[in-house]
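Residue strings, one per chain:
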Amino acid sequence: MLGQQLVNGITLGSTYALIAIGYTLVLGVLKKLNIAHGELFMAGAFMGIWAAQIGAPLPVSLAVAFFSAGLIAVILERTCFYPLRNASFLSPMLSTIAFGILLQNLATQFFGSDPSRFPDTGVSFQLHLGGVTISAIHLLILATAFGLMIGIDLLVNRTRWGIAVRATSDDPETAAQQGMHPSRVTMTTFFVSGALAGVSGALTTLVYSQVNPHIGIRQGLIGMVAMVIGGLGNLRGAMIGGLAIGMIEILNDAYFSAGYRDLVIFSIFFAFLIFKPEGLFPVEQNRA
């Protein structure tokens, strides 16, 4: 029983980690918070469902979720952040709230307000390891999420783009003088951030939940909790924070009551904000 819950927790936590990484990328580059990040999760979920409903194979549906949410994130950056790049912290944050409400209303108009979920994938393969059962969908989620996490970590730490991201974060003017084009770096960062949220939405909806136009509110908050727990600006910390939240949520549902889920998670969030706001892995000590 415990082994099964641990597998379920890691699977759910891996999707939360993708949301938290997206938050962290934007916070690391712009030092500003994208409140509409949860709505990118929602948009990716709906686009993945739409692609599956018109007959696209599952990998194509996930790709549609990935790229569509990424493109929406670029639009968000161009409309909410770029025109207000010299404004205070509050102005772009408020504009992203408006953008998120716009996405919620568009989703309601196009997809309706009733909950939706992925059509049956027709995959019934299951792997039995002792008392633990792992389905093909669980394996797909784990492989996709961990593959993306490893890929992002390598991209940020081993490539010229990663160097440009860190340089833009530290000093945009110096980065521009070195030919790194901070505006392009920012757009690319938003694309990656939104794409991760979008594919997380599709993966989550595959097995764990139905999606409605307002699901992004909670998922965005969960991603924020994971980011704070891991350490603001720390990609690897965000991954660990997401996995931890998924584990806590599943164990709570299994051994206590689902009614306490949000109480437990947001109590932990509140405790971190008060007693350890730098998170488990402060970026100054372990920068991703």
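Reading guide: rules and limits
- Residues numbered from 1 in each chain as written.
- Predicted model: local features only at pLDDT ≥ 70, side-chain atom pairs only at ≥ 80, totals over all residues.
- Heavy atoms only, no water.
- Helix = DSSP H or I, 4+ residues; strand = E, 2+ residues; numbered from the N terminus.
- Rg over C-alpha atoms; globule rule 2.2 N^0.38 Å.
- Buried < 20%, exposed > 50% of the residue type's maximum accessible area, 1.4 Å probe, protein only.
- Contact = heavy atoms within 4.5 Å.
- Lys, Arg positive; Asp, Glu negative; His and termini not counted.
- Charge placed at Lys NZ, Arg CZ, Asp CG, Glu CD.
- Core = buried A, V, L, I, M, F, W, Y, C linked by side-chain atoms within 4.5 Å.
- Expected span 1.5 Å × (residues − 1).
- Axes fitted to C-alpha atoms, helices over the stretch in contact; angles between N-to-C directions.
- Parallel < 35°, antiparallel > 145°, perpendicular 65-115°, else oblique.
- Left-handed = near helix turned anticlockwise from the far one by under 90°.
- Nonpolar A, V, L, I, M, F, W, Y, C, P; charged D, E, K, R; others polar.
- Phe/Tyr/Trp six-rings, centres within 6.5 Å; stacked < 30°, edge-to-face > 60°.
- Lys NZ or Arg CZ within 6 Å of the ring centre and 35° of its normal.

Turning to the overall build of the protein chain, a few remarks are in order. Scanning the protein chain for helices and strands turns up 11 helices and two strands. Starting at the N terminus and walking to the C terminus, you meet the elements of the protein chain as α-α-α-α-β-β-α-α-α-α-α-α-α. Taking 19 Å as the expected radius of gyration for a compact globule of 288 residues, we find that the protein chain reaches 18 Å, a close match to that expectation. Based on the C-alpha atoms only, the size of the protein chain along its principal axes is roughly 55 × 45 × 35 Å. The 288 residues of the protein chain split such that 51% are buried. Pairs at least 24 apart in sequence give 79% of the contacts found in the protein chain among residues at least 6 apart. Treating the 14 positive side-chain charges of the protein chain as one cloud and the 13 negative ones as another, the clouds have centres 8 Å apart.

Relative to the helices and strands, Leu84 is located in the loop between α3 (58-81) and α4 (90-111). Residues Leu84 and Met180, 96 residues apart in the sequence, show an inter-C-alpha distance of 21 Å. Those residues in contact with Leu84 that sit more than four places away from it in its chain are Lys32, Ser91, Pro92 and Ser95.

Attention shifts here to the nonpolar core. Within the largest apolar cluster, 75 residues are counted, with the highest numbers of intra-cluster contacts made by Ile21 and Ile245. Top contributing element to this core by residue count: helix α1 (residues 2-30), with 12 residues. Those residues in contact with Ile245, other than ones at most four positions away along the chain, are Tyr16, Ile222, Val225, Ala226, Ile229 and Ile265.

This part is about helix α2 (residues 37-53). Note on helix geometry: an α-helix contains 3.6 residues per turn, so any two residues three or four positions apart are oriented the same way. The end-to-end C-alpha separation of α2 is 25 Å, in line with the 24 Å expected for 17 residues at 1.5 Å each. With 14 of 17 residues buried, α2 lies mostly within the body of the structure.

Right, let's talk about helix α6 (residues 160-170) for a bit. Where α6 is concerned, the buried positions are Trp161, Gly162, Ala164, Val165, Ala167, Thr168 and Ser169. Those residues of α6 that are buried lie in contact with α1, α5 (136-158), α7 (172-177) and α8 (182-207).

What follows concerns the environment of Leu40. For Leu40, the position within the fold is in helix α2. Here the alpha-carbon distance between Leu40 and Gly194, two residues 154 residues apart in the chain, equals 5.9 Å. Leave out the neighbours within four places in its chain, and Leu40 touches Asn34, Ala69, Ile72, Ala73, Leu103, Gly194, Ala197 and Gly198.

A few words now on the packing of α1 against α8. One can describe the packing of α1 onto α8 by two numbers: an axis separation of 8 Å at closest approach and a directional angle of 165°. Relative to α8, the element α1 lies roughly antiparallel. In this structure, the crossing between α1 and α8 has a hand that is left-handed. Facing Thr15, Leu18, Ile19, Ile21, Gly22, Tyr23, Leu25, Val26, Val29 and Leu30 of α1, the residues of α8 in contact are Thr186, Thr189, Phe190, Val192, Ser193, Leu196, Val199, Ser200, Leu203 and Thr204. A class-by-class count of the residues in the contact of α1 with α8 yields 13 nonpolar, seven polar and no charged.

So, on to the packing of aromatic side chains. For the structure on display, the rule yields five aromatic pairs. With centroids separated by 5.2 Å and ring planes inclined at 75°, the aromatic side chains of Phe66 and Phe67 adopt a geometry described as edge-to-face. Between Phe67 and Phe191, the ring centres sit 6.1 Å apart and the planes meet at 40°, which makes this aromatic pair tilted. Note that Phe67 is positioned in helix α3 and Phe191 in helix α8, a separation of 124 residues in sequence. Accessibility expressed as a relative area gives 47% for Phe67, which makes it partly exposed. An aromatic cluster is built from Phe66, Phe67 and Phe191, whose rings are joined through pairwise contacts. Against the face of Tyr82 rests Arg78, its NZ or CZ located 4.0 Å from the ring centre. Over the face of the ring belonging to Tyr82 we find Arg85, whose NZ or CZ atom lies 4.0 Å from the ring centre.

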